Amino acid sequence: EAGVAQSPRYKIIEKRQSVAFWCNPISGHATLYWYQQILGQGPKLLIQFQNNGVVDDSQLPKDRFSAERLKGVDSTLKIQPAKLEDSAVYLCASSLDRGNTEAFFGQGTRLTVV
Amino acid sequence: GESVGLHLPTLSVQEGDNSIINCAYSNSASDYFIWYKQESGKGPQFIIDIRSNMDKRQGQRVTVLLNKTVKHLSLQIAATQPGDSAVYFCAETHQGGKLIFGQGTELSVKP
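Summarised in this report is the structure supplied together with it. (Residues numbered from 1 in each chain as written. Chains lettered and ligands numbered in written order. Predicted model: local features only at pLDDT ≥ 70, side-chain atom pairs only at ≥ 80, totals over all residues. Heavy atoms only, no water.)

**Things to note about the state of the cysteines**
The following threshold applies: Any two cysteine sulfur atoms lying within 2.5 Å of each other are counted as a disulfide. Each helix is a run of H or I in the DSSP string that is no shorter than four residues. Each strand is a run of E no shorter than two, and both are numbered from the N terminus. Burial classification: accessible surface area is computed with a 1.4 Å probe over protein chains only, and a residue below 20% of its type maximum counts as buried, one above 50% as exposed, and the rest as partly exposed.
Considering all chains together, one arrives at 2 disulfides over all chains under this definition. Here C23 of chain A engages in a disulfide with C92 of chain A; their sulfurs sit 1.9 Å apart. Where C23 of chain A bonds to C92 of chain A through sulfur, the torsion about that S-S bond is close to -70 degrees, and the disulfide is left-handed. Here C92 of chain A lies in strand β9 (residues 88-95) and C23 of chain A lies in strand β3 (residues 19-24), a separation of 69 residues in the sequence. Under the relative-accessibility criterion, C23 of chain A is labelled buried at 0%. Across the disulfide from C23 of chain B sits C90 of chain B; the S-S distance is 1.8 Å. Linking C23 of chain B and C90 of chain B, the disulfide has an S-S dihedral of approximately 55 degrees and is accordingly described as right-handed. Taken together, the residues span a long stretch of sequence, with C23 of chain B in strand β3 (residues 19-25) and C90 of chain B in strand β9 (residues 86-93) at a distance of 67 residues. Judged by relative accessible area, which is 0%, C90 of chain B ranks as buried.

**Here's the deal with the packing of aromatic side chains**
The geometry of an aromatic ring pair comes down to the distance between the two centres and the angle between the two planes. Note the threshold: Pairing of aromatic side chains requires ring centres within 6.5 Å, counting the rings of Phe and Tyr and the six-membered ring of Trp. Pairs whose planes differ by under 30 degrees are stacked, by over 60 edge-to-face, and all others tilted.
Using the criterion set out here, one finds 11 aromatic pairs over all chains in the structure. A ring pair is formed by F21 of chain A and Y90 of chain A, whose centres lie 5.0 Å apart and whose planes are at 25 degrees; its orientation type is stacked. With F21 of chain A in strand β3 and Y90 of chain A in strand β9, the pair connects residues that are 69 residues apart, well separated along the chain. Of the two residues, F21 of chain A and Y90 of chain A, both sit in the buried class. Geometrically, the ring pair formed by Y25 of chain B and F33 of chain B is tilted, given 4.3 Å between the ring centres and 45 degrees between the ring planes. The same class applies to Y25 of chain B and to F33 of chain B, which are both buried. Feature note: the residues Y33, Y35 and F105 of chain A together with Y36, F46, F89 and F101 of chain B constitute an aromatic cluster, connected by ring pairs.

**Focus: the layout of surface pockets**
Put simply, the rule is: In this analysis, the protein atoms alone were mapped onto a 1 Å grid. Cavities are point sets where a 1.4 Å probe fits without being able to get out; pockets are open sets with protein on both sides within 12 Å along at least five of seven lines; lining residues have an atom within 4 Å of a point. Grid points are joined across faces, edges and corners, and a volume is the space filled by probe spheres set on the points.
In this structure, the largest pocket spans a volume of roughly 660 Å³. Breaking the lining of the largest pocket down by element, the ones donating at least two residues are β9 and β11 (109-113) of chain A together with β9 and β11 (105-110) of chain B. Considering each element in turn, the lining of the largest pocket owes the most residues, 4 residues, to β11 of chain A.

**A look at the interface of chain A and chain B**
Put simply, the rule reads: Residue contacts are defined here by distance: any two heavy atoms, one from each residue, within 4.5 Å place the two residues in contact. Summed over both partners, buried area is the accessible surface (1.4 Å probe) that two parts give up on being assembled. The rule for a salt bridge is simple: a side-chain nitrogen of Lys or Arg has to be within 4 Å of a carboxyl oxygen of Asp or Glu. Each residue gets one of three labels, nonpolar for Ala, Val, Leu, Ile, Met, Phe, Trp, Tyr, Cys and Pro, charged for Asp, Glu, Lys and Arg, and polar for the others, Gly among them.
The interface of chain A with chain B comprises 21 residues on the first partner and 20 residues on the second. Contact between chain A and chain B buries roughly 1600 Å² in total, counting both sides, with carbon and sulfur atoms accounting for 51%. For the chain A face of the interface with chain B, the top three residues by lost area are P43, T101 and F105 of chain A, together amounting to 33%. If you look at where chain A meets chain B, you find 0 salt bridges. When contributions to the side of chain A that touches chain B are tallied by element, the ones reaching two or more residues are β4 (31-37) and β5 (44-50) of chain A. Of the residues belonging to the side of chain A that touches chain B, the class tally is 6 nonpolar, 11 polar and 4 charged.

As structure tokens, this is what we get:
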């Protein structure tokens, strides 16, 4: 079974530029998460999708971050404009359904904002 | 507010010894508590979970204990191996909602 795919693996941008991350979850998984993990900290949930609907985006900085999962499969997370404090690893995860405690994570995208 | 935290940031054990990683939580309404393992350069990987109405659950070489009285969760790893070296996070979830992670404990296994 293929795992969660994320791209790019690494990205370096200047502050105020925009960036987009892509995630392809495990086939058949209804729930998709985007997390931000700052070095030395635990993952922080940005947004949770159930199929193509948003379940929770309470911690998503909506003035600069946006995410979509239009067809209920792939998802993109965008930052515009980026700030220095956005430097982190952005992790995508999927689970079979809401309430499943086993989420499968991708390797993440390491973003450096300079 | 909701939070899940860990007592110790680092833990060093000898290969073959048992490891105990601790976690404190604050949300009494959580349905499940989960342990994840994160190796360097990888995403977190599910280890084991425990439902809030249970006290103990065992897996392969791992045991999770839940003490709701003091809001404490622990992960015990038996016969720790070098491959167990990683950062361990406790997490909690409530009614199928968001998965909240703690700060992590780095486990280092000495050969």
